[in-house]
Amino acid sequence: MSGNVFIVGLGLIGGSLALTIKNQHPHAKIYGYDVKQSEIETASALNIIDEKVTSFHEGAELADLIILSTPVLEMEKLMKQLSSLTLKENVIITDTGSTKGGIMQLASKLLQKEVTFIGGHPMAGSHKAGVESAKVHLFENAFYVLTPQLSTSSEKVEELKDWLSGANSHFLVLDTEEHDYITGVVSHFPHVIAAGLVNLAKKNADKNPLISLLAAGGFRDVTRIASSNPNMWKDIVKQNRLNLLDLIEDWMMEMRNIQNVLAEEDEHAIIRFFEEAKEFRDSLPVHSKGAIPSYYDLYVDVKDVPGAIAGITSLLAKQSISITNLHILESREGLLGVLRISFQKDEDRSKAQVLLNHNNFKTYEAA
Ligand SMILES: NC(=O)c1ccc[n+]([C@@H]2O[C@H](COP(=O)([O-])OP(=O)(O)OC[C@H]3O[C@@H](n4cnc5c(N)ncnc54)[C@H](O)[C@@H]3O)[C@@H](O)[C@H]2O)c1
Ligand SMILES: O=C(O)C(=O)C[C@]1(C(=O)O)C=C[C@@H](O)C=C1
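Residues numbered from 1 in each chain as written. Chains lettered and ligands numbered in written order. Predicted model: local features only at pLDDT ≥ 70, side-chain atom pairs only at ≥ 80, totals over all residues. Heavy atoms only, no water.

- For the protein chain, an unreviewed UniProt entry supplies the name Prephenate dehydrogenase and the organism Virgibacillus necropolis.
- The Pathway (unreviewed entry) comment attached to the protein chain in UniProt states, word for word, "Amino-acid biosynthesis; L-tyrosine biosynthesis; (4-hydroxyphenyl)pyruvate from prephenate (NAD(+) route): step 1/1."
- What UniProt records for the protein chain under Catalytic activity (unreviewed entry) is the sentence "prephenate + NAD(+) = 3-(4-hydroxyphenyl)pyruvate + CO2 + NADH". (UniProt positions renumbered as here; feature names shortened; annotations may be inferred.)

Below you can see the structure in the form of structure tokens.
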């Protein structure tokens, strides 16, 4: 397909969609805008967008396809602005927001009848933010939910699917409320629990620093998503607040139940609690990709001594193992620090792990 695609919000998701669209439709022209000039410059330097625009208005008025990919409450402000602009007659507007209720309500109230708005939600992502983390394969094999309005023609839905076909996702049309309920259960509430678990560990770690040191595989597996962008999640939980309040009630009942059986030392009930969870978890369909993070992180314990990090990077460089990012997660005097090294490929991470273990570094993988 050819035409002008305007991406608003050049972060992880907007950047990844820009890459998939360009890959599939090389004749399309990708315009990009972000409130942060640095993200526009990075997107342009990485050839993720073809053209920068200086305002939301400028990009919106020349676009055949507009993709809103900012945090969800920002999108609602943008929708209000869209209603006062002169848009192209056949433009399709979509979004990538993790919640659909608010934006679909605005779409039906604000937009003129000629303008097509189809809600969208690619159900894959990462705890990483920003355009430099964008990946062309991020959405591969993942579900991509669409929430068209009742008045939207099936031709327009097909046209949007064509634009997004390079994502190689499975499209699923859902009703808005159903979408917000389901994602509340399987995505939004788990993020609340992950953050709660980490906050609980932090309170205990203030009393005993060994807690951070010993936080092992299980803790890291269930809390990776607690490293997600707080601003984005503030918007999501505010938007899906009613579903989340119900889920918190259910969760408290679940915890009350395990509290009672533990207090009573009821072995059968304790086994049942774990068995039920294991059975359902083991029965979940396995996604070959998409649900798996497209980033390969390795965590390495490092001593708080000068040159420790340089020692690690030069070991990797000598073996020509490329890294994409380095982040010091914790460094306290007298204690081990944790270095997170990100790799483009799982294979590189595995090679690095073998090499570092061989050189007496303690390493662990994230989920
Ligand atoms: N991260 C995920 O795993 C994931 C997955 C699917 C959907 N989503 C949804 O996609 C959207 C984008 O998420 P992301 O992970 O790419 O976030 P991100 O933080 O990586 O990127 C968001 C970008 O939007 C920009 N922005 C904020 N307000 C703006 C405005 N008013 N105008 C223009 N730009 C603005 C920010 O500067 C930032 O660069 C969110 O609505 C999120 O709920 C996220
Ligand atoms: O993999 C992650 O880090 C994610 O949190 C991705 C995730 C999810 O909860 O699965 C997060 C929010 C999106 O709306 C869709 C996907």
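There is more to say, and it comes next.
## Some remarks on the pattern of salt bridges
Move 1: Applying the stated rule across the entire model yields 14 salt bridges.
Move 2: We note a salt bridge from lysine 77 to glutamate 74, for which the minimum N-O separation is 2.9 Å. Pair noted here: lysine 77 and glutamate 74 are both in helix 4 (residues 72-82), with a separation of 3 residues, about one helical turn.
Move 3: Taking the relative accessible area as the measure of exposure, lysine 77 reaches 47% and is therefore partly exposed.
Move 4: Judged by relative accessible area, which is 34%, glutamate 74 ranks as partly exposed.
Move 5: Of the charged contacts, one joins aspartate 346 and arginine 349 as a salt bridge, the two residues approaching to 3.2 Å between their closest N and O atoms. Pair noted here: aspartate 346 and arginine 349 are both in helix 14 (residues 346-358), with a separation of 3 residues, about one helical turn.
Move 6: For arginine 349, a relative accessible area of 7% puts it in the buried group.
Move 7: One network of salt bridges, in which partners are shared, links Lys128, Asp297 and Arg340. (Salt bridge = Lys/Arg side-chain N within 4 Å of Asp/Glu carboxyl O. Helix = DSSP H or I, 4+ residues; strand = E, 2+ residues; numbered from the N terminus. Buried < 20%, exposed > 50% of the residue type's maximum accessible area, 1.4 Å probe, protein only.)

## Observations regarding the domain arrangement of the protein chain
Where interface size is given, it is often the accessible area lost as the parts come together that is meant.
Move 1: For the protein chain, the assigned domains are domain 1 (3-174), domain 2 (179-283) and domain 3 (296-365).
Move 2: The centre of domain 1, based on its C-alpha atoms, is set 36 Å off from the matching centre of domain 3. (Domains from an automatic or database assignment.)

## As for helix 1 (residues 12-24)
Move 1: With 13 residues, helix 1 extends 19 Å between its outermost C-alpha atoms, agreeing within 8% with the 18 Å of an ideal straight helix rising 1.5 Å per residue.
Move 2: Of the positions making up helix 1, those classed as buried are Leu12, Ile13, Gly14, Gly15, Ser16, Leu17, Ala18, Thr20 and Ile21.
Move 3: Of the surrounding secondary structure, the elements contacted by the buried residues of helix 1 are strand 1 (3-8), strand 2 (28-33), strand 4 (65-68), strand 6 (116-122), strand 7 (143-148) and helix 6 (154-163). (Expected span 1.5 Å × (residues − 1). Contact = heavy atoms within 4.5 Å.)

## A closer look at the site of ligand 1
Move 1: The immediate surroundings of ligand 1 are formed by 30 residues, with Ile13, Asp34, Thr70, Ser98 and Gly130 found nearest.
Move 2: For ligand 1, a nitrogen atom lies 3.0 Å from a polar atom in the side chain of glutamate 74.
Move 3: Measuring from an oxygen atom of ligand 1, one finds a side-chain N or O atom of asparagine 229 at 3.0 Å.
Move 4: Of all the secondary structure elements, the ones that give two or more residues to the shell around ligand 1 are helix 1, helix 4, strand 6 and helix 10 (230-239).
Move 5: By residue class, the composition of the shell around ligand 1 is 14 nonpolar, 12 polar and 4 charged.
Move 6: Counting contributing residues, the shell around ligand 1 receives three or more from each of domain 1 (3-174) and domain 2 (179-283). (Near = heavy atom within 4 Å. Polar contact = N/O pair within 3.5 Å; in protein donor to acceptor, adjacent residues only side chain to side chain. Nonpolar A, V, L, I, M, F, W, Y, C, P; charged D, E, K, R; others polar.)

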